[in-house]
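Secondary and tertiary structure notes
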Amino acid sequence: MSLIHTFSGNPLDRADAKRRDADWLAAAERSFSSRFLPFADLNVLLKGNALGWVSAVEVEAAANGAEPILLGLDEDVAHFAVDVSGDGDPLARLGLSGSWRFEDCRMAAMRMAAADTGIVAQARAQLGWHDRHRHCSVCGAPTTIAKGGHVRQCGACGAEHFPRTDPVVIMLITDGDRCLLGQPHGPLVRTGMYSALAGFMDQGESIEEAVRREVFEEAGLSVGEVSYHSSQPWPFPSSLMIGCHGKALSTDIKIDPEEMADVRWFERSEVVRALDGASTTLKVPGAIAIAHHLIKDWALG
């Protein structure tokens, strides 16, 4: 698939060789030309509908000692993310006002340039990981940032810890001219929306096996052929959505009531109406989500 999803298409060179050079990193963090993208409580700084890049001078007064994370290079200009959460108004500490604001990354991504959403995904996922992994999982001692944020090192036992990505399978299962959509307990129930089934992959499991297992667990259905569609970074907190289509071998639904509020078969005609916003009985996810594209490509393909 050539489709570039929201939160993908990051244009930055992640600069693996440069980030190994501690002297270069230190100089880049002080450089007037470097650009910094602040986050407060994992909300991204915007100016209007564009990413709110600021200078090292502005960040120094606002970061409360937080170390910047190197995102990468754009034409040799270093770009960093930095957490400016803390006491007081982060905008005031940055010396910003007017059209500058912090905004939830999902909401911001609906309006910003596609490539910028890829930068947001990298930045949000890495900042969130560093916040949750300040201590060594081997010995419990504090860890420190190295390689510009691509590793945390334990000074006590020497262990290295790397930012993780959690793979999730998300699949549209079909039976002729109908597809399987569900509502897990939670926000979708409140909105009346139905989406493709999804779940985290287990260790030692292939994508195809994860698709079949999750559909059987959530809906009690057997799945045969599984085909890959596309993938989407989803930095909430750090998932990779692996989109698939699958063909049902059985059709009698037996839901897991602890996980799912509802699972149903929907006719193609009803799904098409839902995509057009014309259905009175079905809502489907918007274009920010890979589920939308799995559904749309089947319904209109």
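Look up: the structure comes first, before these words.
For the structure given in this document, a descriptive report is provided here. (Residues numbered from 1 in each chain as written. Predicted model: local features only at pLDDT ≥ 70, side-chain atom pairs only at ≥ 80, totals over all residues. Heavy atoms only, no water.)

**Focus on the overall build of the protein**
- The secondary structure content of the protein amounts to 10 helices and 15 strands.
- Overall, the C-alpha framework of the protein stretches about 60 × 50 × 35 Å when taken along its three principal axes.
- With 301 residues in all, the protein has 49% of them scored as buried.
- Taking all contacts inside the protein whose residues are at least 6 apart in sequence as the whole, residues at least 24 apart take part in 64%.
- Split by element, the accessible area of the protein, about 14500 Å² in all, is 50% carbon and sulfur. (Helix = DSSP H or I, 4+ residues; strand = E, 2+ residues; numbered from the N terminus. Buried < 20%, exposed > 50% of the residue type's maximum accessible area, 1.4 Å probe, protein only. Contact = heavy atoms within 4.5 Å. Areas by Shrake-Rupley, 256 points an atom, 1.4 Å probe, with all protein chains shown as cover.)

**Some remarks on helix 9 (residues 268–275)**
- Considered for burial, the residues of helix 9 that qualify are E270, V271 and A274. Along helix 9, the residues classed as buried sweep out an arc of 100° about the axis, all on the same side.
- Packing partners of the buried residues in helix 9 comprise strand 11 (178–184), strand 15 (260–267) and helix 10 (290–300).
- Following helix 9 by one or two positions, G277 adopts a phi angle in the positive range, close to 75°. (Arc of directions from axis to C-beta.)

**A short note on the packing of aromatic side chains**
- All told, the structure shown has five aromatic pairs when counted by the stated rule.
- Seen from their ring centres, F7 and W234 are 5.6 Å apart, and the 80° between their planes marks the pair as edge-to-face. On the criterion of sequence distance, the pair formed by F7 in the segment before helix 1 (16–19) and W234 in strand 13 (residues 223–234) is long-range, its members being 227 residues apart.
- Residue classification places W234 among the buried positions, given a relative accessible area of 18%.
- Clustering of aromatic rings is evident, with ring pairs tying together F7, W234 and F236.
- The cationic tip of R106 hangs over the ring face of F236; the distance from NZ or CZ to the ring centre is 3.8 Å. (Phe/Tyr/Trp six-rings, centres within 6.5 Å; stacked < 30°, edge-to-face > 60°. Lys NZ or Arg CZ within 6 Å of the ring centre and 35° of its normal.)

**Observations concerning helix 6 (residues 114–132)**
- In a regular helix each residue adds 1.5 Å, so 19 residues correspond to 27 Å; helix 6 covers 28 Å between its end C-alpha atoms and thus fits that length.
- Counting buried residues along helix 6, 14 of its 19 residues qualify, which places the element largely inside the surrounding structure. (Expected span 1.5 Å × (residues − 1).)

**Examining the pairing of strand 7 (residues 143–146)**
- Across four bridges, the pairing between strand 7 and strand 8 (residues 151–154) is antiparallel. Of the residues in strand 8, the one forming a bridge with T143 is C154.
- Where strand 7 folds back on strand 8, the antiparallel hairpin that results is connected by four residues, among which K147 adopts a positive phi of roughly 50°. (Pairing = 2+ DSSP bridges.)

**Quick look at the pattern of salt bridges**
- A complete count under the given rule lists 14 salt bridges for this structure.
- With a shortest N-O distance of 3.1 Å, R134 and D131 are connected by a salt bridge.
- The partly exposed category is assigned to D131, whose relative accessible area is 44%.
- Of the charged contacts, one joins D175 and R178 as a salt bridge, the two residues approaching to 2.9 Å between their closest N and O atoms.
- For D175, a relative accessible area of 27% corresponds to the partly exposed category. (Salt bridge = Lys/Arg side-chain N within 4 Å of Asp/Glu carboxyl O.)

**Overview of the side chain of E103**
- By the element assignment, E103 lies in strand 6 (residues 100–103).
- The buried category is assigned to E103, whose relative accessible area is 12%.
- Among the polar contacts listed, one links the side chain of E103 to the backbone nitrogen of A108, at a separation of 3.5 Å.
- Side chain to side chain, E103 and R111 meet in a polar contact 2.4 Å long.
- The residues contacting E103, other than those within four sequence positions of it, are N43, V44, L46, A108 and R111. (Polar contact = N/O pair within 3.5 Å; in protein donor to acceptor, adjacent residues only side chain to side chain.)

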